[in-house]
Every structure is written in C-alpha cells, then in structure tokens.
Amino acid sequence: MMQDELVGKSIAYRRDILTYIYESGGGHTGGSLSCVDIINVLYNSIMDITPQNWESLDRDFYIQSKGHSVEALYVVLADQGFLDRSELKTGNKFGTRLIGHPTRKVPGVEHNTGGLGHGLSVAAGLALAAKLDRRASRVFCLLGDGELAEGSNWEAAMTAAYYKLDNLTAIVDRNRLQITGHTADVNKLEPLADKWTAFGWAVHETDGNDVAALAGELRGVPFAAGKPSLLLANTVKGKGVSFIEGEAAWHHKVPTREQLAQAMRELEVQS
Amino acid sequence: MSGATMRVPGAGGWTMGKANLEVFAETVEELARADPALLVVTSDSRGSGKLSSFATRMPERVIEVGIAEQNLVGVAAGLAAGGRNVIAVSPASFLATRSLEQIKHDVCYSDRPVTLVGISAGVSYGALGSTHHSLHDFAALRAIHNITVVAPADNWETREAIRAAASPPGPKGLRSPVYIRFGKQPVPDLPHTGPFAFGKGRIIRAGKDAAFIATGETVWRTLRAAEALSARGVSAAVVSMHTVKPLDETLLREVAGAVRAVVVVEEHSEHGGLGDACARVLMEAGVSPSFRVVALPDEYTVTGSQTEILDHYGISESGLAETMTGLLVGE
Ligand SMILES: [Mg+2]
C-alpha cells in the first residue's frame, strides 16, 4: 500500500477507535491511538494474513501481547474483512465477542491475550513451529513498554535467540507511559535497546507513528540473519488527538460526546 | 517398596511395576515414532522426566526452554497453534503454579490442546521439601475451565492416559488440554479391566460395606488397606478415580449410595482436591454415607521421604484401614 493510503488508513482507524470506545463505554484510548500505526502497517503493507488464508498455517501470524489495546485491532480487523463493521457496535455489550481483550472467538485473532507478558512466548512457539516445518511464515508480536517489566518477556527473549528465530519480529510500542505515569517513574526499562541486543536480538529503532518509517523498517526484517528482530517503535500515547497525547490519565479514559466531537474535528484537519 | 515382586493375597495377586515416570517416557517415545508432529517441551527437565535417552535418540523432538516454566507453557501453546502435538514436561509443583497463568490464558482460555505433564507430583520429592511438593495442583487447576486433570494410579493407567491425551487427534481434530501428574517411585500393577477413558473412574475392587475413592499413587495403598479390612470381615470397594476433573459423578453416586462409609484418598492438600469434589457431588445428590477425606492437612508438611510423609498422614495400609474401621464403628 502507498504511503498516502497508509496515512489515510491511520486517520480512519483513529476515528473508528474513538467511536468504538465512546459507543462501547470502555477501552484503552491512549494505547490504542499510540499503536494503531504499527497495526495498520503490519496488516496493510507487511503481513500475509487475510480472511481467505486464515485457516492455513502457510501465512504470517500476529500476536498482540498488549491485549488491552484491543480497539485498534478490532477496527483494523473490520477493515480487513475479518469482521462486519456493524459488529463494532456490539463492543462490550452483553454476550458480545468484542470484549476488552482479544479472544479467538473474534475472526482474525490468533491468541487470547490480556494478562501481560504472555504474547512473546506464544509468538516464539509459533515461529519455532514454522522453522521446524520449513514454512515461510513470519510471526509479529506487539509488546507494550510497561509490559516489559513482566519477567516472562525475557524468558521468551532468550528462547527466541537460542533457537535463532529470525522469522520472529517483536515491536515495542514505546510510548513511555503506563497507567501510573511515566515508565521511567515506575521501573527501570532503559537502556532498552541495549537490553534486547544483549539478549541476542537484532534491534532497530524508529518513529512508531510514522507509517513510512515503520513500513521501511518492517520490510527489512529480519534485521540480521539468525536473530529475532526487535523494532523499538517510539510512539506518542494518544497520538493524533491534542488533549489525549502524552496524558497518562487517558490510559483508559472514555471520551465524552464533546471530546469525541473535538477529536473528530482534529482528525478531519489531518486528513 | 523394593524387590521385584510383591504379591498380595485376595486380589488375584499383583506385582511390582515400574515408576509411572518411566512408563511416561516409554509412551512418549512410542507416540513420537508414530506421530511426526509430536514435540516434547522441557524446562531443563528432561533428566527429571526420564527423557534423556529419548532426547538422544530423537533430538529433533525435544524443545528446551531452560529453567523458565512460564515460557515453557507459552512456547508449548505457540507450537500447538503452529500445528504441533505438544507435551510440556516439568515438575508438577512448578508446572501447576509457576506457570498457572500461562496454563489459564495460553492453553485453556486460548484452547490450545497442550498435554501438560507434572512429574514427581504430590510429595514424591520427599525431603526436598514443600517447594518441590505439589499439594495444590488439583485445587488450582480444577478452578480453570477447559482442562482435564488426571492422576494415574499405575503403569497401565499412565500409559493409557498419555496415549489418550497425546495421540494424534481424530478426523475432527477435537482435543482439549490435559494435565497429568504422577510420581517417580515404582508402583504395583493393579487389576484392570475394560477400556481407559478420561472422566470414567474404575472399580478395581468390589465391596459391599464401604468404599475408598482414591486417585493417583494413593490407589495401591488404598487397595492394600481394603485387603487388610477384608481379613477383618469388612468388604471395602476401591475406585481409582484417575480423573479428578471432570469427575465421574455417576460412578461416585452409585458406589457411595451402596455402602455405609466412604473414604476419599489423595496425595494433595485437604483443600480443593478430590475430597472436596466428591463431598459436593454426594451432598447435592443426597447420598450420605459416613464420609472422610484422607489428604495432607493444612500445615507445614512433616519432613521425610514420600513414604514416611504419606505414612505419617495416614495414607498407608494401616492408616486407611483404621480410618475406615473408625467410620464404620462410629456410625
Ligand atoms: Mg506504554
């Protein structure tokens, strides 16, 4: 997909995310807006995952370890044809399959996530199975930055390097915020790139809200033969809406009607 | 429990078998030879799992994740999602709770049919102490949806349970997560008839006065108790309730409804295991024989070998016979 189209998709997805959260009455607004450009580029420019090849193992795989940014995934899956867009109206309602974390009941969701620090091990298992079976499948895993305090991520990081899983790419949505505030005020993540390098990963860093930069990096995986790839995607939490950007308070705040209208006006200007 | 042969009068005679752990390793190799998709995932546990020779003969079938049980189960779930038939092996104590959240989210909730094998379960590790004992696995796993919880009694049940869990799926491909736990000491071969099926308890000794409902490696101790009681004129049935979840409620009601006293036996905490499960079923059904659970009490476990610990808590021929006699006398 061309860069202009990707930019347009991101704006449309942001509108859908905000509408979804407003209508469903709950969601992780800041994180979904921060990572949606990554999910956009993966589905529209990088990964071979479609409703048509979904039942096959000869395709790529996507695991969203930061399951709470589920709205971003739902709106992209709807756009990709996995879901009817009208189903987005059922979000968080009684009996819906569109709940606040991804489950395999939703077409296009690979794995149930929500508890943090789970996705990377599962992604490593998927990547290892593909290697063993000589499938060309690639596995992409989206991690939050706050999530990296979970020690299980580092267990998985060692295994991925030990098995030389260069068909595995993890992308860290490095928005530097988590529910309490700045990640640096909660735990010592830095030097983050060095940590992944030391764990045997090939690390690149990019602007995680720049679709062209993201596409350029992700087209280049694996970053090194015989190593898993780590893309440190520097993002802005709440990206695209001035009063949500960089505000930890918007971690899971729901916009009011007026705030939604204001956000839509800002996104209109960007398109 | 040393010596090659142990014959017990009154049960047609039974002989000493191997450790269930060894039978597990043999069965894994048998299944791996038949199924190219089978993988065993270990957390530095191939030696403890008696899988070292298997790993030497079929190295491509063993995935090693190091001492990292959370990763063990997550990677196992991913391999299963990638089309592999996966057996994850770790000491029961660590597997059941160090990786409990991975079992819950990545295997059960995500419906990835991994076979989780808890080795050296209960107090098998004896004097290594409570860090290594799994007296909490039934309780933890019973509360999780979409998992079958199994404790085979002898070599035959172990072989059948591993085969049932990890044979290639049928044409419909339907299978579900299973947790199987067993110990590492040799156990006697018990009488067995009929097919093995998860969720179907086995009456291994009939009796009209009383019934023992036992699971895992307490079953043979229970059978000896029943034989001792027989010499005293008490006819006690023994059920191997190898599947703790889903419980064979029908068999339980039938057996318990036909006797005056029921004793449930398990190498597990007295909280949340087979005993509690049986009590609920019987109370809800209005079946009310005299009832006791013989399990490990809620205290710092005494120190010693597995046999010494079980003997201390009355999970022994004499202890169980005494408990049953007391129940029958006290009615
Ligand atoms: Mg964050």
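Residues numbered from 1 in each chain as written. Chains lettered and ligands numbered in written order. Predicted model: local features only at pLDDT ≥ 70, side-chain atom pairs only at ≥ 80, totals over all residues.

K.L.:
Tell me about the overall build of chain A, and please be specific about residues and values.
P.N.:
Counting its secondary structure elements, chain A contains 8 helices and 7 strands. On C-alpha atoms alone, chain A measures out to a radius of gyration of 17 Å, which is about the 18 Å that the 2.2 N^0.38 rule sets for 271 residues. Dimensions along the principal axes, computed over C-alpha positions, put chain A at roughly 50 × 45 × 35 Å. A separation threshold of at least 6 residues defines the contact pool for chain A, and within that pool the share at least 24 residues apart is 76%. (Helix = DSSP H or I, 4+ residues; strand = E, 2+ residues; numbered from the N terminus. Rg over C-alpha atoms; globule rule 2.2 N^0.38 Å. Contact = placed C-beta atoms within 7 Å.)

K.L.:
Tell me about the confidence of the model for chain B, residues and numbers included.
P.N.:
Residue and element names in this part refer to chain B. When pLDDT is averaged across chain B, the result is 93; 94% of the residues are at 70 or more. Low pLDDT, under 50, characterises residues 1–12; the stretch is placed with 23 contacts to residues that sit more than four places away or in other chains. The ipTM assigned to the predicted complex is 0.97, against a pTM of 0.96. (pLDDT = per-residue confidence, 0-100.)

K.L.:
Describe the domain arrangement of chain B, and please don't skip the residues or the numbers.
P.N.:
Residue and element names in this part refer to chain B. Looking at the assigned domains, one finds that chain B contains domain 1 (16–188) and domain 2 (202–330). Each of domain 1 and domain 2 was reduced to a C-alpha centroid, and the two centroids are 26 Å apart. At the interface, 27 residues of domain 1 touch 27 residues of domain 2. Grouping the amino acids of the side of domain 1 that touches domain 2 by side-chain chemistry returns 14 nonpolar, 10 polar and 3 charged. (Domains from an automatic or database assignment. Nonpolar A, V, L, I, M, F, W, Y, C, P; charged D, E, K, R; others polar.)

K.L.:
Could you give me a rundown of the interface of chain A and chain B, with the residues and numbers involved?
P.N.:
Between chain A and chain B, the residue contacts involve 21 residues of the former and 23 residues of the latter. Breaking the side of chain A that touches chain B down by element, the ones donating at least two residues are α4 (119–132) and α5 (152–162) of chain A. Tallied by class, residues from the side of chain A that touches chain B come to 10 nonpolar, 8 polar and 3 charged.

K.L.:
Any details on the sheet that holds strand β1 (residues 61–64) of chain A? Residues and values, ideally.
P.N.:
All names here are of chain A. Ordered in space as β1-β2-β3-β7-β6, the 5 strands form an open sheet in which the pairing is parallel. Only two strands of the sheet have a single partner each, and these edge strands are β1 and β6 (202–207). Between one strand axis and the next, the sheet turns through 20° on average, direction left out of account. (Pairing = 2+ DSSP bridges. Axes fitted to C-alpha atoms, helices over the stretch in contact; angles between N-to-C directions.)

K.L.:
Give a detailed account of the packing of helix α2 (residues 29–46) of chain A against helix α7 (residues 211–219) of chain A, specifying residues and quantitative values.
P.N.:
Residue and element names in this part refer to chain A. The interhelical angle for the contact between α2 and α7, taken along N-to-C directions, is 55°, at an axis separation of 10 Å. If you check the angle between α2 and α7, you find them oblique. As α2 runs across α7, the sense of the crossing is right-handed. Listed contacts from α7 to Asp37, Ile38, Asn40, Val41, Leu42, Ser45 and Ile46 of α2 are Val211, Leu214, Ala215, Leu218 and Arg219. (Parallel < 35°, antiparallel > 145°, perpendicular 65-115°, else oblique. Left-handed = near helix turned anticlockwise from the far one by under 90°.)

K.L.:
Tell me what's going on with the sheet that holds strand β4 (residues 85–91) of chain B, and back it up with residues and numbers.
P.N.:
Sheet strands pair by backbone hydrogen bonding; their relative direction is either parallel or antiparallel. All names here are of chain B. Taken together, 7 strands build an open sheet; the order of strands is β3-β2-β4-β5-β7-β6-β12 and the sheet is mixed. Edge positions in the open sheet fall to β3 (62–64) and β12 (243–245), since each of these has one partner strand only. Here the average twist between neighbouring strands, direction ignored, is 25°. Note: strand β2 (residues 38–42) against β4, 5 bridges, orientation parallel. Each residue of the ladder has a partner; that of Val41, found in β4, is Ala88. Against the sheet, helix α3 (residues 69–81) touches β2, β3 and β4, its axis set at about 170° to β4.

K.L.:
Which residues make up the pairing of strand β7 (residues 229–234) of chain A, and what values do they have?
P.N.:
All names here are of chain A. With 5 of 6 residues buried, β7 is to be regarded as a mostly interior element. One ladder, built from 6 bridges, connects strand β3 (residues 168–174) with β7; its direction is parallel. When the bridges of β7 are listed, Ile171 appears paired with Leu231. In this structure, β6 lies alongside β7, joined through 6 bridges in parallel fashion. Bridge pairing links Val203 to Leu230 in β7. (Buried ≥ 20, exposed ≤ 12 C-beta atoms within 10 Å, placed from the backbone.)

K.L.:
Please set out helix α1 (residues 3–24) of chain A residue by residue, giving values where relevant.
P.N.:
Residue and element names in this part refer to chain A. The terminal C-alpha atoms of α1 lie 31 Å apart, and with 22 residues this matches the ideal 32 Å at 1.5 Å per residue to within 8%. For α1, the full list of buried residues reads Lys9, Ser10, Tyr13, Arg14, Asp16, Ile17, Leu18, Tyr20, Ile21, Tyr22 and Ser24. Residue Gly25 follows α1 closely and has a positive phi angle near 80°. (Expected span 1.5 Å × (residues − 1).)

K.L.:
Account for unusual backbone geometry, naming residues and giving values.
P.N.:
For the bond from Val221(A) to Pro222(A), the omega torsion is 0°, close enough to zero to count as cis. Note that Pro222(A) resides in the loop between α7 and β7. In this structure, Pro246(B) follows Lys245(B) across a cis peptide bond, with omega equal to 0°. Turning to its location among the elements, Pro246(B) is positioned in the loop between β12 and α9 (249–257).

K.L.:
So what's going on with the environment of Ala88(B)? Which residues, and what values?
P.N.:
Residue and element names in this part refer to chain B. Within the element layout of this structure, Ala88 appears in strand β4. Take Ala88: there are 32 C-beta atoms within 10 Å of it, and that puts it in the buried class. Residues Ala88 and Leu21, 67 residues apart in the sequence, show an inter-C-alpha distance of 14 Å. If we ignore the near neighbours within four places in the chain, the residues touching Ala88 are Val41, Leu72, Val73, Ala76, Val114, Leu116 and Val117.

K.L.:
Please provide a residue-by-residue account of the nonpolar core, values included.
P.N.:
Residues and elements named next belong to chain B. Core analysis: the largest hydrophobic core is formed by 180 residues, its most contacted members being Val41, Ala76, Ala88, Ala211 and Phe212. When residues of this core are sorted by domain, at least three fall in each of domain 1 (16–188) and domain 2 (202–330). Look past the residues within four positions of Phe212 in its chain and what remains in contact with it is Thr222, Ala225, Ala226, Ala236, Ala237, Val238, Val239, Val263, Val265 and Leu320. (Core = buried A, V, L, I, M, F, W, Y, C linked by C-beta atoms within 7 Å.)

K.L.:
Now, about helix α10 (residues 274–285) of chain B: what can you tell me, with residues and values included?
P.N.:
Residues and elements named next belong to chain B. The end-to-end C-alpha separation of α10 is 17 Å, in line with the 16 Å expected for 12 residues at 1.5 Å each. All of the buried residues in α10 are Leu274, Gly275, Asp276, Ala277, Cys278 and Leu282. Buried residues belonging to α10 abut α6 (137–142), β10 (210–214), β12, α9, β13 (261–269) and β14 (290–296). Backbone geometry just after α10 places Gly286 at a positive phi near 70°.

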